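Coordinate inspection notes
Listed below are the residues making up each chain.
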Amino acid sequence: MTEKKTIEELEKRISELENEVQKQALQNKDEKYRILFEKSKDAILIIENGKFIDCNKAAMEMLGYNDKNKIFQAHPSELSPDTQPDGKDSFVKAKKMMDYALKNGSNRFEWNHLKSNGDIFPVEVLLTTISHQKNDFVIHTIWRDITKRKSAEKSREKEKEILSTILESTPYGITLIDSQDKYLYVNPYFTQITGYTLKDIPTREDWFKKAYPEESYRNKVCKAWGNDSNNSCLAKNHEFKIKCKNGQSKYIEFRSTFLKDRTISVLTDITQRKKVEEELKESEERLQTILSATPDPIVIYNNVGETKYLNPAFVEVFGWSLDELEGKHIPFVPDDQKPITSKKIKELRDSGIKVQFESKRLTKQGRSIDVIISSSCIKNIDDEISKLVVILKDISDQNQAKKQLKLLNLKLKHEASHDPLTGTLNRRAILNSLEKELIRTKRRNTKLSIGLCDIDFFKKVNDEHGHQVGDDVLCSFVKVIENTLRPYDLLGRYGGEEFLLVMPDSTVSIEKVIYERLRAKTADHKMVTRSGEIGITVSIGITCSKGDDTADGMIAKADAALYRAKKNGRNQLVFAD
């Protein structure tokens, strides 16, 4: 009996010891958990029947509380704003989240909580069910502050939004292709340029077949693409002509960057630029043709007067080539033309309006050329003069023709008023001069005399010696008269061997002296002819103006006086009554 009791006591003691060991182990486990619980950087809370019953230091710091009791017995929704980011009520949603954890053992989600100061902050929540008895459940809760992560995500979203806005609104076509040559993205402007959407060109091969339907041209594009793809990360520029979805052809500039697993291409529609370039090229060719065909020399200078272009006519006329003058000032302005040239250049620069003037320029050989210079300017987009265009029209022949015409006119004018044989005034001219002198004499209240001279026996000279000798006699007689008269006296051939002398501002005494000297010189002077010297005499009828005498009246009086001189024996002077 005693032995049986001892065995029972021993078993009881063993059982007690086992319980104590289990209790101690549990206590040690609890202590280790408690240490981990308190030392965790994540906030840890225990929810029992929907209320917080415990939390660690990290949770208090996260919420901004110094007293745990302010957290205990609070429902999770009470430490939250009224609604969550999705707009749902915090209390309703908190219950739903806990119910899910109780049902499935755990639940991970994001939540907005309130700090003690009212600030809202985001956390990542992990609910783990510890006990789930009827009307008695315990949930282990871990919060991780994801404020920085959310801020970074927000920044990335903002950047993504900005990038998306740029890609969607940029005036360039943008495409993204993966390493398998599949199109991942095309922006709206790409579609606007080409007409193709992402569905139209799922792969690069589809794009090439549609954009470059002509096989040989497509092969050329493929080759360029292949060569560029071998040089990763280097942006390559190419210009290709594509066929759009609507069948229209366009010139596109492609700039592709080849990354490790992506290819980014930027497309620019340069169709209009190409058109302008072609038109500009055609315009330049037309201009070059015009400049080359223009017979007038043309020079184009830069804004500081350095030579940039010479047309063939300039080379032909002036002798310099562009190789000799390019970038230099042309040394062809004579010294006496530099002032007018500088003045006109200043006018052109100040006004920007074409200037034109006559000048002279020198050829390479030093020959002077008369030119009409037409200068105009070309301005850049800043309205500044960038080039000067000068056209030089050679008017040397024109000026020579003008001089010849002027001389011819003078000659005709002289011939119209002078006797072709003797060079004196002819009958009409001497009579016109007489009328003018009469008017002047009356206006100035002075005297005027005229003398009508006739060579005595002139017919005998012609008969004996011939008319050519007679002409020589007339010319020699005129020289005698001219050497006798005053500078302002007038002489004209009145007809045949008769000559009319007009003496303004005369007096009777002066008249007698001059007319007598003329008679005497004629008689004493031998006339030089081709047949030798011949002596002659002259008879002179003289009259002076009186009152309202006319030219015809004075001629009549002088003629009557001349008749008397002839009748009285010739070689004498007779004054009209």
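In what follows, the structure referred to is the one given above.
Report on the accompanying structure. (Residues numbered from 1 in each chain as written. Predicted model: local features only at pLDDT ≥ 70, side-chain atom pairs only at ≥ 80, totals over all residues. Heavy atoms only, no water.)

As for the overall build of the protein chain
Formally: Starting at the N terminus, helices and strands are each numbered in turn, a helix being any DSSP run of H or I of at least four residues and a strand any DSSP run of E of at least two. As defined in this context, the radius of gyration uses C-alpha atoms, and a globule is described by 2.2 Å times the residue total to the power 0.38. In what follows, a contact means two residues having at least one pair of non-hydrogen atoms within 4.5 Å. Each accessible area is a Shrake-Rupley result for a 1.4 Å probe, and residues are judged covered by the shown protein chains and nothing else.
Helix and strand counts for the protein chain stand at 17 helices and 22 strands. Over its C-alpha atoms the protein chain spans a radius of gyration of 63 Å, topping by over 25% the 25 Å that the globule rule assigns to 577 residues. With the C-alpha coordinates aligned to their principal axes, the bounding extent of the protein chain is approximately 225 × 60 × 40 Å. The contacts of the protein chain with a sequence gap of at least 6 include a subset with a gap of at least 24, amounting to 47%. Summing over all exposed atoms, the protein chain offers an accessible surface of approximately 35,000 Å²; the carbon and sulfur share of this is 52%.

Points about empty space enclosed by the protein
Put simply, the rule is: Buried and open spaces are told apart on a 1 Å grid over the protein atoms alone, a cavity being a set of points where a 1.4 Å probe fits but cannot get out and a pocket being an open set with protein on both sides within 12 Å along at least five of seven lines. Residues with an atom within 4 Å of a point are the lining residues. Grid points are joined across faces, edges and corners, and a volume is the space filled by probe spheres set on the points. Following the grouping adopted for this structure description, the nonpolar residues are Ala, Val, Leu, Ile, Met, Phe, Trp, Tyr, Cys and Pro, the charged ones are Asp, Glu, Lys and Arg, and the polar ones are all others, Gly among them.
On inspection of all chains with the given rule, the structure shows 2 cavities of 30 Å³ or more. Considering only enclosed or pocket space, the largest cavity measures out at about 160 Å³ in volume. Around the largest cavity, the lining is made up of 18 residues, and of these Trp-225, Phe-240, Phe-254, Ser-256 and Ser-265 lie nearest the centre. Sort the elements by how many residues they give to the lining of the largest cavity and helix H7 (residues 215-229) lands first, with 4 residues. Its residues assigned to classes, the lining of the largest cavity shows 12 nonpolar, 4 polar and 2 charged. When its volume is computed, the second largest cavity comes out at roughly 100 Å³. Surrounding the second largest cavity, 13 residues form its lining, Pro-76, Phe-109, Val-125, Leu-127 and Trp-143 being those nearest its centre. Of the residues contributing to the lining of the second largest cavity, the split by class is 11 nonpolar, 2 polar and no charged.

A word on the packing of aromatic side chains
Put simply, the test is: The rule is short: rings of Phe, Tyr and Trp, with Trp giving its six-membered ring, pair when the centres are within 6.5 Å, and they are stacked under 30 degrees, edge-to-face over 60, tilted in between. Each residue is placed in one exposure class: buried if its accessible area under a 1.4 Å probe, protein chains only, is under 20% of its type's maximum, exposed if it is over 50%, and partly exposed if it falls in between.
Evaluated as defined, the whole model comprises 17 aromatic pairs. Geometrically, the ring pair formed by Phe-314 and Phe-318 is stacked, given 4.7 Å between the ring centres and 25° between the ring planes. Placement of both Phe-314 and Phe-318 in helix H9 (residues 312-318) is noted, with a separation of 4 residues, approximately one turn of the helix. By the burial criterion, Phe-314 is buried, and Phe-318 matches it. Chaining the aromatic ring pairs together yields one cluster made of Phe-190, Tyr-196, Trp-207, Phe-208, Tyr-212, Tyr-217, Trp-225, Phe-240 and Phe-254.

Side note on the pattern of salt bridges
To be explicit about the condition: By definition here, a salt bridge exists when the distance from a side-chain nitrogen of Lys or Arg to a carboxyl oxygen of Asp or Glu is within 4 Å.
Per the stated rule, a full pass over the model turns up 36 salt bridges. With a shortest N-O distance of 3.7 Å, Glu-124 and Arg-108 are connected by a salt bridge. With Glu-124 in strand S4 (residues 120-133) and Arg-108 in strand S3 (residues 106-114), this pair connects stretches of sequence that are 16 residues apart. In this structure, Arg-149 and Glu-153 form a salt bridge, with 3.5 Å as the shortest nitrogen-oxygen distance. Residue Arg-149 and its partner Glu-153 are located together in helix H4 (residues 147-169), separated by 4 residues, close to a single helical turn.

What about the sheet that holds strand S15 (residues 385-394)?
Condition: Strands pair, by our definition, only if DSSP identifies at least two bridges between them. Each axis is a line fitted through C-alpha atoms, taken for helices only over the stretch in contact, and angles between the N-to-C directions span 0 to 180 degrees.
Taking strand neighbours across the sheet as the criterion, the 5 strands line up as S12-S11-S15-S14-S13 in an open arrangement whose pairing is antiparallel. Looking along the sheet, the strands with just one partner apiece sit at the ends: strand S12 (307-310) and strand S13 (355-362). Neighbour-to-neighbour, the strand axes of this sheet turn through a mean angle of 30°, independent of strand direction. Sheet topology note: the strand S14 (residues 368-379)/S15 ladder contains 9 bridges and is antiparallel. Looking across to S15, one finds that Ser-374 is bridged to Ile-391.

Some details on the environment of Val-574
In this structure, Val-574 sits in strand S22 (residues 573-575). For Val-574, a relative accessible area of 9% corresponds to the buried category. Remark: the alpha-carbon pair of Val-574 and Cys-544, spanning 30 residues in sequence, is separated by 12 Å. With residues near it in sequence (within four places) discarded, Val-574 still touches Ile-540, Gly-541, Ile-542, Ala-561, Arg-564, Ala-565 and Asn-568.

Quick look at a negative patch on the surface
For the record, the criterion: Exposure above 30% relative accessible area and the absence of a salt bridge qualify a residue for a patch, where like charges join within 9 Å and nonpolar side chains (Val, Leu, Ile, Met, Phe, Trp, Tyr) within 5 Å. We count Lys and Arg on the positive side and Asp and Glu on the negative side, and we leave His and both chain ends out. Charge positions come from single atoms, namely NZ of Lys, CZ of Arg, CG of Asp or CD of Glu.
On the surface, Glu-278, Glu-279, Glu-282, Glu-284 and Glu-285 cluster together to form a negatively charged patch. The residue Glu-284 is located in helix H8 (residues 271-293) in this model.

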